Amino acid sequence: NGCCWQMIDYCIIGSGIYGSKIANLLKKKYQVAIYDKERRPGGRSSFKRFDKKIGYDHGVQYISPKTVKFKKFINKLIKLGILKKWGGTHLFLNNKIKENKKHQKIIGTNGNNDISKYLIKDINCNFESELKKIKRKNLYWELEFVSNKKINCKNLILTCPHPQAKKLTIKYLKDKSILKNKIKMNANITVMFTLKKNIEKISSYFFDDPILGWAALENSKNRFKSRFNHWTLQSTSNWANKKINKNKKMKLINSNILINRFFELTNTKKEKLNNILNHGWKYSYNPKPLKIKSYWDKKIKLGICGDWFVGSRLESGWISANDLYNKMKKSN
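Presented here is a report on the structure given in the accompanying data block. (Residues numbered from 1 in each chain as written. Predicted model: local features only at pLDDT ≥ 70, side-chain atom pairs only at ≥ 80, totals over all residues. Heavy atoms only, no water.)

1. What to know about helix H2 (residues 68-79)
Working step 1: For H2, built from 12 residues, the straight-helix expectation of 16 Å at 1.5 Å per residue is met to within 8% by its first-to-last C-alpha distance of 17 Å.
Working step 2: Considered for burial, the residues of H2 that qualify are Phe-70, Phe-73, Ile-74 and Leu-77. Each buried residue of H2 lies within a common arc of 95° when the element is viewed along its axis, so the set occupies one face. Of the exposed residues in H2, those oriented more than 90 degrees away from the buried face are Val-68, Lys-72 and Lys-79.
Working step 3: Contacts from the buried residues of H2 go to helix H1 (17-26), strand S5 (83-85), strand S7 (106-108), helix H3 (114-119) and helix H8 (314-331).
Working step 4: The first or second residue beyond H2 is Gly-81, which carries a positive phi of 85°. (Helix = DSSP H or I, 4+ residues; strand = E, 2+ residues; numbered from the N terminus. Expected span 1.5 Å × (residues − 1). Buried < 20%, exposed > 50% of the residue type's maximum accessible area, 1.4 Å probe, protein only. Arc of directions from axis to C-beta. Contact = heavy atoms within 4.5 Å.)

2. Looking at the pattern of salt bridges
Working step 1: Going through the model one piece at a time under the given rule, you end up with 14 salt bridges.
Working step 2: Notably, a salt bridge pairs Lys-221 with Glu-218, separated by 3.0 Å at the nearest N-O pair.
Working step 3: Taking the shortest distance from any N to any O, the salt bridge between Glu-315 and Arg-313 comes out at 3.6 Å.
Working step 4: The structure contains a network of salt bridges with shared partners spanning Asp-57, Glu-218, Lys-221 and Arg-223. (Salt bridge = Lys/Arg side-chain N within 4 Å of Asp/Glu carboxyl O.)

Next comes the structure, spelled out in structure tokens:
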């Protein structure tokens, strides 16, 4: 608690791929510190550990790179053993969306937050540090956290979802149009559970259903050995948008709805379940990208980046972070 008068060059809020990427680019020349409200790095590519070995990718399910630069970055991490290909049988059952069979499914060797872990391995990271408010002083930013701790920095980079970025920065933005009210982030509700009895060996399902969008068998990622099956289910955004505000109170009901749909859609008998976990992503992604890829105000040293500028994919955040870094480099 109290105030820290150390002046940091760059404070970065968030340790998802965008926060991690820009921190990694800046660390070569500047003193950098990351602050994240969660217990572990990864943001939307978080890995929910059930015990020391078993865990669930309860955010981003896999990476399928499109752009040349991102492909090069991903291939480098595959060679280093940080990422790997996700094999097995993936059933694409949605007739409304065209499947691109050329796209690979790349995952973290230990969890899908492995990219963030790799990028921030030498950086000062402060987890369980939720930012409450920011204040612009004469030539620096004062950050106040929920714990009442205060930090000072010359440059501030926010990588949080649009509604949180808007709340923190709206009075400081020169171009308020980037945080206009029309941006609506889609939600997602994720359920993880252990199935006592093995069923068919399918790595993932992509459903054509108004409620359940996706199911992934975590065992198929070959990160752990278990005599039980460990599943991650993700809802459709339309269903989650209606349920997300009450999900904390309705966790058991919402979890059962998704689990029941899973057994119905896979035509399997419902077996005894263990360890049901529910996670609500209120601000999962922005379906309508903005006209700019990031925001930088060189006068007050405020930067904002995130996937919601560019698109719904993990790659979108990586593109936004690179764009912001280039803007900052040009302005120096």
